[in-house]
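Listed below, chain by chain, are the residues.
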Amino acid sequence: MTITSTRDALLNRLWGAVWAFAAIFLLVWGLSWVKANAINEDLQNHCGDLRTASFPFEKFCTREDGTVEGANSWLFDGIFFGSMAAAAACLAAAFTIEASRRK
């Protein structure tokens, strides 16, 4: 295998990873929107302390005894922000390879 074909194969894998991580990010963002606007829509009717967030979408209520209802889990948020960071890292690597290729 030549250096050029190896670089092209690596670049193709990086672009595939960018698209995969971006798809995961958008899927989780869509799921958080559905959860906030469809599942937890009636949360405002029986909650005194309703809080919302827009990135990622979230509606949650903190009760007087300290329990939280409707919030995204730490795993959900980890997948959301992790896939965004991984897509950005793969995109930066792909652009770096493209830039070194053109020199």
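Residues numbered from 1 in each chain as written. Predicted model: local features only at pLDDT ≥ 70, side-chain atom pairs only at ≥ 80, totals over all residues. Heavy atoms only, no water.

S.K.: Before we move on, could you go through the sheet that holds strand β1 (residues 50-54) and cite the residues and values that matter?
M.R.: Across the sheet, which stays open at both edges, the 3 strands sit in the order β1-β2-β3 with antiparallel pairing between neighbours. Of all the strands in the sheet, the pair left with one neighbour each is β1 and β3 (68-69). In this structure, strand β2 (residues 57-62) lies alongside β3, joined through 2 bridges in antiparallel fashion. Residue pairing across strands places C61 opposite E69, the latter belonging to β3. (Pairing = 2+ DSSP bridges. Helix = DSSP H or I, 4+ residues; strand = E, 2+ residues; numbered from the N terminus.)

S.K.: Which residues make up helix α2 (residues 74-102), and what are the values?
M.R.: Helix length check: α2 (29 residues) gives 42 Å between terminal C-alpha atoms against 42 Å at 1.5 Å per residue, within 8%. Those residues of α2 not exposed but buried are F80, S83, A87, C90, A94, I97 and E98. (Expected span 1.5 Å × (residues − 1). Buried < 20%, exposed > 50% of the residue type's maximum accessible area, 1.4 Å probe, protein only.)

S.K.: Tell me what's going on with the packing of aromatic side chains, and back it up with residues and numbers.
M.R.: Applying the stated criterion across every chain yields a total of 6 aromatic pairs. A ring pair is formed by F25 and W29, whose centres lie 5.6 Å apart and whose planes are at 45°; its orientation type is tilted. Separated by 4 residues within a single helix, F25 and W29 lie in helix α1 (residues 3-39), roughly one turn from each other. Of the residues examined, F25 reaches a relative accessible area of 12% and is grouped as buried. Judged by centre distance (5.9 Å) and plane angle (20°), the ring pair of W29 and F57 falls under stacked. Note that W29 is positioned in helix α1 and F57 in strand β2, a separation of 28 residues in sequence. Within the aromatic cluster, the residues linked to one another by ring pairs are F25, W29, F57, F80 and F81. (Phe/Tyr/Trp six-rings, centres within 6.5 Å; stacked < 30°, edge-to-face > 60°.)

S.K.: Run through the pairing of β2, naming residues and quoting values.
M.R.: Each regular strand carries side chains that alternate between the two faces of the sheet. Here β1 pairs with β2 via 5 bridges, running antiparallel. Opposite A53, over in β2, you have E58 as the bridge partner. Two successive antiparallel strands, β1 and β2, enclose a turn made up of 2 residues. A loop of 5 residues connects β2 with β3, the two strands running antiparallel in sequence, and G66 in this loop sits at a positive phi of about 95°.

Everything listed here is a matter of geometry and, on its own, says nothing about what the molecule does.
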